[in-house]
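Each chain, written out:
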Amino acid sequence: MTTATATAPTTTAAPARPAYKVTWLRVLRSEWTKFWSVRSSPITLVTALFLLVGIGAIASLTFDPAAAPGGNDGPPITDGAISLALMGTIFASLAIGVLGVLVSAGEYSTGMIRATLAAVPKRLPTSWAKTAVFGVVATIVTAAGALGAFLLGAAILDGEAIAMSLGDDGVLRVLAGTGIYLGLVGMWGVALGALLRSSAGGIAVLVGMLLIVPGLSSLLPASIADNVTPYLPSNAGQAVTHLNQAADSLGPWTGVAVFAGWVAVTLVAAAYRLARRDA
Amino acid sequence: MIDVHELTKRYGDKTAVDRLSFTVKPGQVTGFLGPNGAGKSTTMRMIIGLDAPTSGSVTVNGRRYAEHAAPLQEIGTLLEAKAVHSGRTAFNHLLALAQTHGIPRRRVDEVIELAGLQTVVHKCAGTFSLGMGQRLGIAAALLGDPEIVMLDEPVNGLDPEGVLWVRHLLSGLAAEGRTVMLSSHLMSETALIADQLVIVGRGRLLADTTVDDFIRQAGRQDVKVATTQAERLRALLSGPGVTITATTAEELVVLGLDAHRIGAIAAQHGVPLYELGQQTVSLEEAFMDLTSDAVEYHSAPADTAARRAA
Ligand SMILES: Nc1ncnc2c1ncn2[C@@H]1O[C@H](COP(=O)(O)OP(=O)(O)OP(=O)(O)O)[C@@H](O)[C@H]1O
Ligand SMILES: [Mg+2]
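About the thresholds
- Residues numbered from 1 in each chain as written.
- Chains lettered and ligands numbered in written order.
- Predicted model: local features only at pLDDT ≥ 70, side-chain atom pairs only at ≥ 80, totals over all residues.
- Heavy atoms only, no water.
- Helix = DSSP H or I, 4+ residues; strand = E, 2+ residues; numbered from the N terminus.
- Buried < 20%, exposed > 50% of the residue type's maximum accessible area, 1.4 Å probe, protein only.
- Contact = heavy atoms within 4.5 Å.
- Areas by Shrake-Rupley, 256 points an atom, 1.4 Å probe, with all protein chains shown as cover.
- Donors = N, O, S within 2.8 Å, 3.2 Å for Na, K, Ca; no water.
- Buried area = accessible area lost by both parts, 1.4 Å probe.
- Salt bridge = Lys/Arg side-chain N within 4 Å of Asp/Glu carboxyl O.
- Polar contact = N/O pair within 3.5 Å; in protein donor to acceptor, adjacent residues only side chain to side chain.
- Nonpolar A, V, L, I, M, F, W, Y, C, P; charged D, E, K, R; others polar.
- Phe/Tyr/Trp six-rings, centres within 6.5 Å; stacked < 30°, edge-to-face > 60°.
- Domains from an automatic or database assignment.
- Axes fitted to C-alpha atoms, helices over the stretch in contact; angles between N-to-C directions.
- Parallel < 35°, antiparallel > 145°, perpendicular 65-115°, else oblique.
- Left-handed = near helix turned anticlockwise from the far one by under 90°.
- Pairing = 2+ DSSP bridges.
- Right-handed = clockwise from strand over helix to strand, strands pointing away.

**Quick word on the overall build of chain B**
(1) Moving on: A count of helical and extended segments in chain B gives 12 helices and 13 strands.
(2) Moving on: Dimensions of chain B along its principal axes, counting C-alpha atoms only, are 70 × 45 × 40 Å.
(3) Moving on: Residues classed as buried in chain B amount to 50% of the 310 residues present.
(4) Moving on: Intrachain contacts of chain B at a sequence separation of at least 6 include 69% that bridge at least 24 residues.

Here it is in structure tokens:
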């Protein structure tokens, strides 16, 4: 194009260009926008809340004092009202975990990852930011949901022998712990989605590890199972969501630490793959 | 300025890019040409670090792409493959990209207007037509107001109006003194806008030249003239260094005189012309001659049969 070569040298007084720069905070803000701007995020979060509060309310409503404690037609109510109110934790964990997988694997299935990495070619900040954004959102939303479920259950069971109040020993720890557990599940979903780069694969591994593997471990010889079972992701992570730990369970915070270890290892593997592999 | 040095990319035992070296000079439009599978898209992905080279190196404005503080300000890229989440609106897509760099919302609105996306900006990108998607990709490429714009087949799938829009946009960017690199399969289309040509085949450099040189070397500066007085015109035009062939009774192909001269001579002698034009096909032919050995996917049987029939 002749015009280009003719005019180019004369444009000496180009206007000062704004100094843009990629920073951690900006990458976080971008991931925040990304998270809230796909419809699956609010929908799945609401679903998780609905499961957490709804299932807890149903369990509290259908509680029959005559059949408890330790009746044959229901789980033993070792923790009293709070275990009824948080009956939905497992279901909520599936919703949150699946959303976590979609948050990261969705970038690969749609091709968005190429735009993301073109904007942040150092790569790893996007991964940390994505995990942090979803971890914080999932923790806060589900902790609030757990509180709501507990208060609703307390209102329903008011006057029953198993009724509990917020001030009772350990109640706040369990409610916060439920948020922390579900937040970690969400982050684990993000890590698995990024590691496998596939929504279907990530969801399959997540659901399998959370729900199926703990059941399979009972097939192992007892001597091995006793040493392995408590350290499985969902068993370890859920310790903090119970008021009283079962005999073979890890302590609440030890359990959190072990589950966080699973999440951390997966995140590091995902980061390694992100840094090394062609996008 | 993009500096590609001995760049090589292998996928398994397939060599997509083979010791490729060239530079994209500042302030120029560089056409990046080659047949299907020549390695154009792979090279562009390596330029912005999406794919890591097997060996060799590439720098953008003197540094590896990832080392820039604000990469979107150095070079804006439209990739061949879709790079947008189908469930996100065009606006939020651009906003999220802008936020990584601290690019103000005002600039997001600017590129939306520039790309003519105002009416669909709050629709999910997944619902976009091919052309709208291409516009969104170009809007994203311009977000950082970059010095270099690199577009992989920007007119791919666009309707004639869209093609024209891209052509005007690129001329505009070039006129502002920006560096433009665009890939294409079409020599004739590229020659309209490019200054410089980088031609590749099977991952190797086949030619690194200017458009003018390419046309000159192609040596087929022939002009097609159609007139009702072919014999008379033929006599008027013939002279030393001029070769004239008649393709039909009313058509001449003239080599050695440019369209200006032929038009002037015809007017001077009152010979009516109803067609007069540079043979652009020859450019395409020269390109095909150059790349024919390097064509990855020959469409042999059907093609040769058709040509024989013609
Ligand atoms: N991710 C990949 N894995 C394996 N092979 C690949 C990959 N990407 C590209 N290739 C191969 O590398 C070669 C170059 O591909 P590339 O897409 O770069 O060509 P191109 O010049 O852009 O072609 P086109 O004009 O069709 O877009 C092709 O043979 C292609 O099959
Ligand atoms: Mg290509």
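Still more ground to cover, so stick around.
**Some details on the overall build of chain A**
(1) Moving on: Assigned secondary structure in chain A consists of 12 helices and 0 strands.
(2) Moving on: In chain A, the order of α-helices and β-strands from amino to carboxyl end is α-α-α-α-α-α-α-α-α-α-α-α.
(3) Moving on: By residue count, 47% of the 279 residues in chain A fall in the buried class.
(4) Moving on: Taking all contacts inside chain A whose residues are at least 6 apart in sequence as the whole, residues at least 24 apart take part in 79%.
(5) Moving on: As displayed, chain A has an accessible area near 12,600 Å², and 69% of this comes from carbon and sulfur atoms.

**A few points about the coordination of the magnesium ion (ligand 2)**
(1) Moving on: Bound to the magnesium ion (ligand 2) on the protein side are S41(B) (OG) and E80(B) (OE), at distances that span 2.0 to 2.6 Å. Remark: E80(B) occurs in the loop between β5 (75-78) and α3 (90-101) and S41(B) occurs in helix α1 (residues 40-47); sequence separation between them is 39 residues.

**Notes on the interface of chain A and chain B**
One widely used convention gives an interface's size as the accessible area the parts lose upon coming together.
(1) Moving on: With 38 residues of chain A in contact, the opposing surface of chain B contributes 52 residues.
(2) Moving on: Overall, the association of chain A and chain B removes approximately 3,600 Å² of surface from exposure, summing both partners, and the carbon and sulfur fraction of that is 56%.
(3) Moving on: Summed over the shared surface of chain A and chain B, the result is 1 salt bridge.
(4) Moving on: Measuring nitrogen to oxygen at the nearest pair gives 2.6 Å for the salt bridge that ties K9(B) to D278(A).
(5) Moving on: Between chain A and chain B we count 17 residue pairs in polar contact (both at pLDDT 80 or more) in total.
(6) Moving on: Listing elements by their share of the side of chain A that touches chain B, those giving two or more residues are α1 (2-7), α2 (24-36), α5 (89-110) and α6 (112-119) of chain A.
(7) Moving on: Counting residues per element, the side of chain A that touches chain B draws most heavily on α6(A), at 7 residues.
(8) Moving on: Looking at the side of chain A that touches chain B residue by residue, the classes come out as 16 nonpolar, 12 polar and 10 charged.

**Topic: the side chain of S37(A)**
(1) Moving on: Among the structural elements, S37(A) can be located in the loop between α2 and α3 (40-61).
(2) Moving on: Taking relative accessible area as the criterion, S37(A) reaches 12% and is therefore assigned buried.
(3) Moving on: At a separation of 2.7 Å, a polar atom in the side chain of S37(A) contacts the main-chain carbonyl oxygen of T33(A).
(4) Moving on: Look past the residues within four positions of S37(A) in its chain and what remains in contact with it is G87(B), R88(B) and N92(B).

**Remarks on the packing of aromatic side chains**
All names here are of chain A.
(1) Moving on: All told, the structure shown has 7 aromatic pairs over all chains when counted by the stated rule.
(2) Moving on: Geometrically, the ring pair formed by F35 and W36 is edge-to-face, given 4.9 Å between the ring centres and 80° between the ring planes.
(3) Moving on: Ring centres of F35 and F134 lie 5.5 Å apart, and the angle between their planes is 45°; on these two criteria the pair is classed as tilted. Of this pair, F35 sits in helix α2 while F134 sits in helix α7 (residues 124-156), placing them 99 residues apart in sequence. Side by side, F35 and F134 carry an identical accessibility label, which is buried.

**Notes on the domain arrangement of chain B**
(1) Moving on: For chain B, the domain assignment lists domain 1 (2-211) and domain 2 (220-278).
(2) Moving on: Using only C-alpha atoms to locate each centre, domain 1 of chain B and domain 2 of chain B end up separated by 41 Å.

**Focus on the packing of α3(A) against α7(A)**
All names here are of chain A.
(1) Moving on: Viewed as axis vectors pointing N to C, α3 and α7 meet at an angle of 20°, and their least axial separation amounts to 9 Å. With respect to each other, α3 and α7 are oriented roughly parallel. Remark: the crossing between α3 and α7 carries right-handed chirality. Touching L45, L49, L52, V53, A57, S60 and L61 of α3 are V137, V141, T142, G145, A146, A149, L152, G153 and I156, all from α7.

**Some remarks on the pairing of strand β6 (residues 148-152) of chain B**
Residues and elements named next belong to chain B.
(1) Moving on: Most of β6 sits out of view: 5 of its 5 residues are buried.
(2) Moving on: The two faces of β6 match: I148, M150 and D152 on one face and V149 and L151 on the other face are all buried.
(3) Moving on: Note that β5 and β6 share 4 bridges and pair parallel. The residue bridging T77 from the neighbouring strand is M150, located in β6.
(4) Moving on: Here β6 pairs with strand β7 (residues 179-184) via 5 bridges, running parallel. Bridging across to β7, M150 finds its partner in M181.
(5) Moving on: Handedness of the β6-helix α6 (residues 160-175)-β7 crossover: right-handed.

**As for the environment of R197(A)**
All names here are of chain A.
(1) Moving on: The topology assignment puts R197 in the loop between α8 (171-196) and α9 (199-216).
(2) Moving on: Residue classification places R197 among the buried residues on the basis of a relative accessible area of 17%.
(3) Moving on: The sequence separation of R197 and M112 amounts to 85 residues, and the corresponding C-alpha distance is 12 Å.
(4) Moving on: If near-sequence neighbours (up to four positions away) are discounted, R197 is found in contact with A105, Y108, L192, R273, L274, R277, D278 and A279.
(5) Moving on: Within the local environment of R197, its side chain forms a polar contact with the backbone oxygen of D278, the two atoms lying 3.0 Å apart.

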